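Coordinates in review
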Amino acid sequence: MKRIVLILISLLILVNIADAAIEEYYEEKAIKIQKAGAFEDDKQVVIRAGDKVTFKIKVYQSEFFGQTIISANANIDNTTEQKVRAIYSISFHDKDGKLVACHQGSWDLVPDDDVNYGSGIIYADEEAIASVTGYKLKTCVIESEKD
């Protein structure tokens, strides 16, 4: 009997966790990161994810206060009528699958709001960036606490 009760409680917890996520997305793809400025769209890789809450992540090599970086900034747009926390995690890997660089960020958004999330700055040297051949992206949108 105790075992059945524990199984039922575990299932209820899992159902509640699954319900908490409004939207999730995952992809792995090839990428070549180029040197570019913030307005050189032709040299940037644009990664799009999401349906209810959209992520538009621009990836390119740049400099930040004299340091070489991978810029993985995002525009995050909440098209729902819910207050949400939008989370994205992106990692960059070499031809052997070895991790080269990564970033994870999140932002709370009210209904029908968007943000230019500019904290996707990943410090890496030029040689490491040149070795990148692929990326992995995970996004998750959860309902924020109600006021």
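**With respect to the overall build of the protein chain**
When you go through the protein chain residue by residue, the secondary structure sums to 2 helices and 9 strands. Along the protein chain, from the amino end to the carboxyl end, the secondary structure elements read α-β-β-β-β-β-β-β-β-α-β. Here the protein chain, with 147 residues, has 35% of them falling under the buried criterion.

**Observations concerning the pattern of salt bridges**
Enumeration according to the criterion identifies 7 salt bridges in this entry. Salt-bridge contacts for Glu24 lead to Lys138; the nearest nitrogen and oxygen are separated by 2.6 Å. Taken together, the positions of Glu24 in strand 1 (residues 21–30) and Lys138 in strand 9 (residues 134–143) put the pair 114 residues apart, joining distant regions of the chain. Under the relative-accessibility criterion, Glu24 is labelled partly exposed at 49%. Ionic pairing is found between Arg85 and Asp108, a salt bridge with its closest N-O pair at 2.9 Å. With Arg85 in strand 5 (residues 84–93) and Asp108 in strand 6 (residues 99–109), this residue pair connects regions lying 23 residues apart in the sequence. Assessed through its relative accessible area of 37%, Asp108 is described here as partly exposed.

**Here we look at the pairing of strand 3 (residues 53–64)**
The sheet contact formed by strand 2 (residues 45–49) and strand 3 spans 5 bridges and is antiparallel. Paired with Ala49 across the strands is Phe55, a residue of strand 3. Linking strand 2 back to strand 3 in an antiparallel pair, the connection comprises 3 residues, with Gly50 at a positive phi of about 95°. Sheet analysis places strand 3 next to strand 4 (residues 67–78), joined by 12 bridges and oriented antiparallel. Of the residues in strand 4, the one forming a bridge with Tyr60 is Ser71.

**Some remarks on the confidence of the model for the protein chain**
Looking at the protein chain, pLDDT values average 89 and 85% of them are 70 or higher. Per-element averaging of pLDDT across the protein chain places helix 1 (residues 2–20) at the bottom with 52 and helix 2 (residues 126–130) at the top with 98. Scored below 50 in pLDDT, residues 14–18 shows 0 contacts in the model against residues more than four places distant or in partner chains.

**With respect to the nonpolar core**
Phe55, Ile57, Val59, Ile76, Ile90 and Phe92 are the most contacted members of the largest nonpolar core, which totals 29 residues. Every element with two or more residues in this core is listed here: strand 2, strand 3, strand 4, strand 5, strand 6, strand 7 (113–117) and strand 9. Top contributing element to this core by residue count: strand 5, with 5 residues. Filtering out sequence-adjacent residues up to four positions away, Ile90 remains in contact with Ile47, Val59, Ala72, Ala101, Cys102, His103, Tyr135, Lys136 and Leu137.

**Description of unusual backbone geometry**
Located in the positive-phi region is Phe65, a residue other than glycine, with phi close to 50°. Looking at where Phe65 falls in the secondary structure, it is placed in the loop between strand 3 and strand 4. Positioned with a positive phi, Asp112 is a non-glycine residue whose angle comes to about 55°. As for its position among the elements, Asp112 is in the loop between strand 6 and strand 7.

**Points about the packing of aromatic side chains**
Across all of its chains, the model carries 4 aromatic pairs by this definition. Taking 6.3 Å as the distance between ring centres and 75° as the angle between the ring planes, the aromatic pair formed by Trp107 and Tyr117 counts as edge-to-face. One end of the pair, Trp107, is in strand 6; the other, Tyr117, is in strand 7, and 10 residues separate them in sequence. Given a relative accessible area of 40%, Trp107 falls into the partly exposed group.

Conventions adopted
Residues numbered from 1 in each chain as written. Predicted model: local features only at pLDDT ≥ 70, side-chain atom pairs only at ≥ 80, totals over all residues. Heavy atoms only, no water. Helix = DSSP H or I, 4+ residues; strand = E, 2+ residues; numbered from the N terminus. Buried < 20%, exposed > 50% of the residue type's maximum accessible area, 1.4 Å probe, protein only. Salt bridge = Lys/Arg side-chain N within 4 Å of Asp/Glu carboxyl O. Pairing = 2+ DSSP bridges. pLDDT = per-residue confidence, 0-100. Contact = heavy atoms within 4.5 Å. Core = buried A, V, L, I, M, F, W, Y, C linked by side-chain atoms within 4.5 Å. Phe/Tyr/Trp six-rings, centres within 6.5 Å; stacked < 30°, edge-to-face > 60°.

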